[in-house]
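# Coordinate inspection notes
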Amino acid sequence: MPSANHDPPAKTESKTEADTGVAGLFQAFRIDPGVPAAAPHALGPQFWHEAIARRWLCNYLIYSADNLEMDGRPQTAAAFRAAAVTAERQGEVTIGQVRYQVRRTVG
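Residues numbered from 1 in each chain as written. Predicted model: local features only at pLDDT ≥ 70, side-chain atom pairs only at ≥ 80, totals over all residues. Heavy atoms only, no water.

A few words now on the pairing of strand β4 (residues 98-106). Direction of pairing for strand β1 (residues 25-31) relative to β4: antiparallel, over a ladder of seven bridges. Residue Ala28 lies in a different strand from β4, and its bridge partner there is Val102. Sheet analysis places strand β3 (residues 92-95) next to β4, joined by four bridges and oriented antiparallel. Each bridged residue has a counterpart across the sheet, and for Val93 the counterpart in β4 is Tyr100. (Pairing = 2+ DSSP bridges. Helix = DSSP H or I, 4+ residues; strand = E, 2+ residues; numbered from the N terminus.)

In structure tokens form, the structure reads like this:
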């Protein structure tokens, strides 16, 4: 009789797999409509879970706000900080004319 230590681990499903039955990778993108014919620009790594990609985008916007403050642009920094919460909750946000969005890249 095999011991419990030799049994294969149970497959865990991400929220995305459980909800949709489809696995995928998620990544944050920057979309600038002011640049004609520009494709969305990928920002950072891909993640297996959409919630982690959203959190990454939130952190990216917060770090950007920190840098803008150090550059002496407090009003723009405040806009980035306010947008960070929305980005984490909804997975997309627009700051000025630039849109930041988490998208499924594979699956």
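Moving on, there is more to tell.
Further remarks concern the sheet that holds β4. Reading across the sheet, the four strands line up as β2-β1-β4-β3 and stay open at both edges, with antiparallel pairing between neighbours. Looking at which strands have only one partner, the edges of the open sheet turn out to be β2 (41-47) and β3. When the angles between neighbouring strand axes are averaged without regard to direction, this sheet yields 25°. Across the face of the sheet, helix α2 (residues 50-70) comes into contact with β1, β2, β3 and β4 while running at roughly 150° to β4. Packing against the sheet, helix α3 (residues 74-90) makes contact with β3 and β4, and its axis sits at approximately 160° to β3. (Axes fitted to C-alpha atoms, helices over the stretch in contact; angles between N-to-C directions. Contact = heavy atoms within 4.5 Å.)

This next bit is on α3. If you check α3, its first and last C-alpha atoms are 25 Å apart, about what 17 residues at 1.5 Å a residue would give, namely 24 Å. At Ala83, α3 shows its largest kink, close to 25°. Within α3, burial applies to Ala77, Phe80, Ala83, Ala84 and Ala87. Elements in contact with the buried residues of α3: α2, β3 and β4. Just downstream of α3 lies Gly91, where phi reads positive at about 80°. (Expected span 1.5 Å × (residues − 1). Bend = angle between axes of the 7 residues up to and from the residue. Buried < 20%, exposed > 50% of the residue type's maximum accessible area, 1.4 Å probe, protein only.)

By themselves, these observations are geometric and do not establish any function.
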